[in-house]
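# Breakdown of the fold
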Amino acid sequence: MDKEMKVVVGVVVACIVLFVAGAMWYNSATKPVVVDASRLVRELSPKIEVPGAKVTIVEFADFECPGCAGMHPVLKKILTDYSGKINFVYRTLPVHRDSSLAATFALAAGEQGKYWQMHDMLYDNQSVWAGKEKPPRDLFLGYAKELKLDIVKLEKSLSDSHLEAQVNADRDDALKLGVRGTPTIFINGSMLKGVPSDGELRARIDEILAQ
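The text that follows walks through the structure, step by step, so that each part is easy to find. (Residues numbered from 1 in each chain as written. Predicted model: local features only at pLDDT ≥ 70, side-chain atom pairs only at ≥ 80, totals over all residues. Heavy atoms only, no water.)

Scanning the model with the defined rule gives 9 aromatic pairs in all. Ring geometry for Tyr115 against Trp116: centres 5.0 Å apart, planes inclined by 90 degrees, an arrangement best described as edge-to-face. Judged by relative accessible area, which is 22%, Trp116 ranks as partly exposed. Where Trp129 meets Phe140, the ring centres are 5.0 Å apart and the plane angle is 80 degrees; that geometry is what we call edge-to-face. On the criterion of sequence distance, the pair formed by Trp129 in helix H5 (residues 126-129) and Phe140 in helix H6 (residues 137-146) is long-range, its members being 11 residues apart. With respect to burial, Trp129 and Phe140 carry one shared label: buried. Every member of this aromatic cluster is reached through a ring pair, and the members are Phe105, Trp129, Phe140 and Tyr143. (Phe/Tyr/Trp six-rings, centres within 6.5 Å; stacked < 30°, edge-to-face > 60°. Buried < 20%, exposed > 50% of the residue type's maximum accessible area, 1.4 Å probe, protein only. Helix = DSSP H or I, 4+ residues; strand = E, 2+ residues; numbered from the N terminus.)

Of the two faces of strand S5 (residues 184-187), the one carrying Thr184 and Phe186 and the one carrying Ile185 and Ile187 are both buried. Two strands pair when backbone bridges link them, and strand S3 (residues 55-61) and S5 are joined in this way by 4 bridges, in the antiparallel orientation. If you follow Phe60 over to S5, its bridge partner there is Thr184. Of the strand pairs in this sheet, S5 and strand S6 (residues 190-191) are connected by 2 bridges, and their pairing is antiparallel. For Ile187, the partnering residue across the bridge sits in S6 and is Ser190. Counting the residues that bridge the hairpin from S5 to S6 gives 2 residues, and of these Asn188 lies at a positive phi of roughly 50 degrees. (Pairing = 2+ DSSP bridges.)

Contact geometry for helix H3 (residues 99-110) and H6: axes closest at 11 Å, N-to-C directions at 20 degrees. The orientation of H3 with respect to H6, classified from their angle, is roughly parallel. H6 is crossed by H3, and the crossing has right-handed handedness. Across the interface between the two elements, Leu101, Ala102 and Phe105 from H3 touch Arg137, Phe140 and Leu141 from H6. Here the residues of the contact of H3 with H6 sort into 5 nonpolar, no polar and 1 charged. (Axes fitted to C-alpha atoms, helices over the stretch in contact; angles between N-to-C directions. Parallel < 35°, antiparallel > 145°, perpendicular 65-115°, else oblique. Left-handed = near helix turned anticlockwise from the far one by under 90°. Contact = heavy atoms within 4.5 Å. Nonpolar A, V, L, I, M, F, W, Y, C, P; charged D, E, K, R; others polar.)

If you trace the backbone, Lys156 turns up in helix H7 (residues 151-159). For Lys156, a relative accessible area of 65% gives the class exposed. Distance from Lys156 to Ala108, taken between C-alpha atoms, is 9.0 Å for residues 48 residues apart in sequence.

That is the geometry; function is a separate question.
In structure tokens, the structure reads:
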């Protein structure tokens, strides 16, 4: 084999090695991470349950996170479009200054049967309260009044440590599951890489429903 042919063969072999390595990296980077599903949902986790649903979406999010606010309408539309086919579970991973307070307000509202109403109100008004100099407690109380919650009962719930403990449990579970940012989405126990688009979520849901 002459020198030029050896060079050509060497280049071809190098290209093949790089291609295989790249394919392996791509598969490892895009393949969903399967976790212990028993850690994903706690008994008290806020959830929308549909008997017999083949798809369960679990979101770890932060009420003060802009990316989570962007994901909120995407998931809400998906739940509407796939009504009766999806279970949805919301868990909180507080990162920002007032996100724990927001999470406890939502849980307190949930004790009066209006978790999802408060959940939506916090996201819909995120630009009003998030990242401001003044703590948003009074604004949150205003949202509670708009929802016609019993404020005395709400304040009692907020003063009890059980809601803070639930928020802390969510944070601990998130870290044990390998969640490192918000929003993080799990579908049927598989953690999706990065922040999935509407199309990517729908493709995965359709794939499961077709099975």
